[in-house]
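# Understanding the architecture of this molecule
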Amino acid sequence: MTAEIIAQGVYYQYAQDNNLALKDINFKIDKGEFVAIIGPNGSGKSTLAKLLNGIFVPTKGEIYVDGVNTASKEDIWKVRQKAGMVFQNPDNQIVATVVEEDVAFGPENLGIPPAEIRIRVREALEAVELTEYAHKAPHLLSGGQKQRVAIAGILAMKPQCIILDEPTAMLDPVGRKEVISTVKKLNREEGKTIVLITHFMDEAVQADRVFVMSNGQVVMEGTPRQVFTRVEKLKSIGLDVPQVTELSYQLRKAGIEIRPDLLTLEETVDCLCQLL
Amino acid sequence: MSIIVKNLTHVYMPGTPFESTALKDINWKIEDGEFWGLIGHTGSGKSTLIQHLNGLLKPTAGEIIIDGENLHAKSARLKEIRQKIGLVFQYPEHQLFEETVEKDVAFGPKNMGLPEDVVGKRVREAIEQVGLNYDAVKDKSPFELSGGQMRRVAIAGVLAMNPEVLILDEPTAGLDPLGRDEILEEIVALRKKRNITVILVSHSMEDIARLVDKIAVMHRGKMIKQGSSREIFRDYKGLTSIGLGIPQITELMMRLRERGKDVACDVLTVEEARAEILKALRRKGSA
């Protein structure tokens with residue numbers, strides 16, 4: 001597999017701040033991979049996200065997106081087009097008064113011909129399952145729908161990689177599920193590389209790989225099963241595990257022999273049914 | 001302090017093409033000292049509703065009665081009532097504006113016209129109550145603090161007014177698990193210490209389940225259900241059909257029950273589930 005994003009010895013320091021926001025970050029994310037980044041507030045997650053599409057450039061070290069160095073000024077638009085970003089608050093990302101116009105905003109700015117824009121908008125709305133809302137006003141949509149409009153706006157720019165910075169923090173439970181299932185679909189069916197920053201452990205569990213950040217560093221990295229079974233370690237850095245993982249951990253502490261690596265509701269139900 | 005919401009209806013921009021009914025005939029009674037959770041999908045009217053509770057919005061129809069006094073009667077002491085009902089908005093850190101943490105928290109009590117020594121005392125208490133070290137943060141700019149700390153300062157600003165009712169709109173949105181737990185624990189401690197009434201608006205069914213006593217459910221501008229946490233979370237299908245859910249742990253126990261296992265399915269926390277499963281295993285062992 002070829003790498004989509006490469007970080008090599010990346011450091012980042014904000015102006016007027018003596019502390020480093022990011023320290024010696026090194027990783028590779030493959031094309032088509034779904035990576036979740038978790039970590040406490042202030043651990044550097046959002047800073048890292050902004051480095052991935054060249055909003056910030058590293059103080060030291062390099063980041064490559066599909067082979068392009070994000071620090072290269074002449075290539076910055078290539079980087080932004082390759083790696084699209086979705087932010088936390090859907091209301092801050094919507095610019096037009098009609099859904100399809102909002103989705104068209106990105107490709108219009110890329111100078112795409114109108115006929116091509118129409119096709120892209122239609123495809124993007126289909127991908128996020130909002131075709132029937134094309135002519136609606138975005139402010140009348142639910143939170144989950146608005147966030148999917150924001151994702152469609154990114155899709156219409158045909159990025160290879162989508163970076164989502166806490167896209168579900170402001171959503172209700174069903175809105176959260178809608179957004180995450182859209183993200184997974186784009187990953188599985190369209191092969192988009194996904195970088196998802198989240199505080200919800202049940203979302204991170206669905207990724208191929210999880211990076212755990214703390215104090216500006218990636219302190220753990222592995223499959224969700226490898227990461228989330230380290231309950232004590234995660235708690236010590238202020239994170240959490242899904243409720244079912246917590247339950248199996250508690251049951252083991254009480255002397256019950258149960259798999260220590262349960263992550264999802266389904267597998268926990270099956271496992272407990274065998275015990276009970 | 002008791003709050004009675006009677007046949008409350010609110011219409012935004014009436015008589016214009018943008019007219020929309022945000023709240024429809026809401027009836028809700030909040031007794032002194034209760035801990036309520038208010039849940040509902042985005043746009044269901046939660047924020048509109050809580051803005052009525054301290055008179056920020058005026059009902060199109062219906063009444064808000066606070067300790068027997070109609071909030072919108074000509075004689076109502078709106079200012080006093082507002083001070084007693086503290087409202088913490090979503091992302092309250094966006095409302096910080098002063099040069100120092102101390103000045104920011106003091107803004108409310110100062111505007112109440114309290115003497116300086118009382119203001120000083122209240123500011124210190126409020127900052128400590130949200131789990132911050134008063135001496136360490138008082139002279140800092142609120143903008144040098146972390147997101148979680150900024151949010152605490154904003155909450156302290158409301159607490160410094162000594163409210164009898166505290167309404168929090170999504171106080172933990174965007175916070176990491178530790179920050180979330182700390183803020184929620186502080187709310188619980190505060191409630192015990194000051195015996196205040198608390199209304200928590202949240203999308204986290206897990207937080208609602210382990211904290212509140214009673215839940216009110218909003219859907220499309222109507223209050224469709226009220227009851228104890230256990231009663232409300234028993235209705236998994238009903239809740240998911242309106243954009244909500246139940247805690248993962250509650251769903252786990254329901255699924256075990258569906259598969260014929262002899263466990264109580266109305267658990268609300270991991271601790272309850274653990275006890276319930278250990279009990280079932282013991283029963284099985286002795287059978």
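Quick caveat, the model's predicted, so the values are computed rather than measured. (Residues numbered from 1 in each chain as written. Chains lettered and ligands numbered in written order. Predicted model: local features only at pLDDT ≥ 70, side-chain atom pairs only at ≥ 80, totals over all residues.)

### Examining the overall build of chain B
As a reminder of what qualifies: Put simply, DSSP H or I for four residues or longer makes a helix, DSSP E for two residues or longer makes a strand, and each gets a number counted from the N terminus. Each radius of gyration is computed over the set of C-alpha atoms, and the globule rule expresses the reference value as 2.2 Å times the number of residues to the power 0.38. We call two residues in contact if the C-beta atoms placed from their backbones are at most 7 Å apart.
Tallying secondary structure elements over chain B gives twelve helices and ten strands in all. Its C-alpha atoms give chain B a radius of gyration of 21 Å, near enough to 19 Å, the size a compact globule of 287 residues would have. Its C-alpha atoms give chain B principal-axis dimensions of roughly 70 × 50 × 35 Å. Of all intrachain contacts in chain B linking residues separated by at least 6 positions in sequence, the fraction that spans at least 24 positions is 64%.

### Thoughts on the interface of chain B and chain A
Quick note on the threshold: Each residue receives one of three labels: charged for Asp, Glu, Lys and Arg, nonpolar for Ala, Val, Leu, Ile, Met, Phe, Trp, Tyr, Cys and Pro, and polar for the others, Gly being one of them.
Between chain B and chain A, the residue contacts involve 37 residues of the former and 35 residues of the latter. Looking at the side of chain B that touches chain A, the elements that each hand over two or more residues are α6 (147-159), α7 (177-194), α8 (205-211), α11 (248-258) and α12 (270-286) of chain B. The dominant element in the side of chain B that touches chain A, judged by the number of residues it contributes, is α12 of chain B, at eight residues. When the residues that make up the side of chain B that touches chain A are grouped by side-chain class, the tally is 16 nonpolar, 13 polar and eight charged.

### A word on the packing of helix α3 (residues 99-109) of chain A against helix α5 (residues 143-155) of chain A
Residue and element names in this part refer to chain A. We count it as follows: All axes here are fitted lines through C-alpha atoms, helices being fitted over the stretch that makes contact, and every angle between N-to-C directions spans 0 to 180 degrees. Just so you know how the angles are binned, under 35 degrees is roughly parallel, over 145 roughly antiparallel, 65 to 115 roughly perpendicular, and the rest oblique. Crossing handedness is read from the near helix: turned anticlockwise from the far helix by less than a right angle, it gives a left-handed crossing, and turned clockwise, a right-handed one.
As a packed pair, α3 and α5 sit with axes 7 Å apart at the nearest point and diverge in direction by 40°. Classified by the interaxial angle, the pair formed by α3 and α5 is oblique. The element α3 and its partner α5 pack so that their crossing is right-handed. When α3 is examined against α5, the residues Val99, Asp102, Val103, Phe105 and Gly106 are found in contact with a partner set consisting of Val149, Ala152, Gly153 and Ile154. Partitioning the contact of α3 with α5 into residue classes produces six nonpolar, two polar and one charged.

### Comments concerning the packing of helix α10 (residues 243-253) of chain A against α12 of chain B
As a packed pair, α10 of chain A and α12 of chain B sit with axes 10 Å apart at the nearest point and diverge in direction by 45°. The angle between α10 of chain A and α12 of chain B falls in the class oblique. By crossing handedness, the relation of α10 of chain A to α12 of chain B is classed as right-handed. Residues Gln243, Glu246, Leu247, Gln250 and Leu251 of chain A of α10 of chain A pack against Val270, Ala273, Arg274 and Ile277 of chain B of α12 of chain B. Residues that form the contact of α10 of chain A with α12 of chain B fall into these classes: five nonpolar, two polar and two charged.

### Regarding the nonpolar core
Going by this rule: Core membership is restricted to buried Ala, Val, Leu, Ile, Met, Phe, Trp, Tyr and Cys residues, and these are joined into a nonpolar core through C-beta atoms within 7 Å. Partly exposed residues are those whose C-beta has more than 12 but fewer than 20 other C-beta atoms within 10 Å; 20 or more makes a residue buried and 12 or fewer makes it exposed, with C-beta atoms placed from the backbone.
Judged by nonpolar contacts, the single largest core of 155 residues is most densely connected at Leu52 and Ala152 of chain A together with Ile167 of chain B. The leading source of residues in this core is α6 of chain B, at seven residues. The contacts of Ile167 of chain B, once residues within four sequence positions are left out, are Ile50, Leu53, Ile85, Gly86, Leu87, Val88 and Ile199 of chain B.

### Some thoughts on α10 of chain A
Along α10 of chain A, eight of the eleven residues are buried, which leaves the element largely enclosed by surrounding structure. Looking at the buried positions of α10 of chain A, the neighbouring elements they touch are α8 (224-228), α9 (231-236) and α11 (265-275) of chain A together with α8, α11 and α12 of chain B. Where α10 of chain A terminates, the next one or two residues include Gly255 of chain A, which has phi positive at roughly 90°.

### Focus on the sheet that holds strand β4 (residues 61-66) of chain B
Note the cut-off: The rule for pairing is simple: two strands pair if DSSP sees at least two bridges between them.
The four strands lie next to each other as β2-β1-β4-β5 (chain B), forming an open sheet whose pairing is antiparallel. Whereas interior strands pair on both sides, the edge strands pair on one side only; in this sheet they are β2 (20-30) and β5 (69-70) of chain B.

### Considerations on the sheet that holds strand β10 (residues 217-222) of chain A
Residues and elements named next belong to chain A. Reading across from one edge, β6-β7-β8-β3-β9-β10 is the order of the six strands in this open sheet, with mixed pairing throughout. For this open sheet the edge positions go to β6 (83-86) and β10, each flanked by a neighbour on one side alone. Across the sheet, the axes of successive neighbouring strands diverge by a mean angle of 20°, strand direction being ignored. Two elements, β6 and strand β7 (residues 161-165), share four bridges in a ladder whose sense is parallel. Across the sheet, Ala83 pairs through a bridge with Cys161, a residue of β7.

### Some thoughts on the confidence of the model for chain B
Just so we agree on the cut-off: For every residue, the predictor assigns a confidence score, pLDDT, that lies between 0 and 100.
On average, chain B scores 93 in pLDDT, and the residues at 70 or more come to 100%. Predicted as a complex, the structure gets a pTM of 0.88 and an ipTM equal to 0.85.

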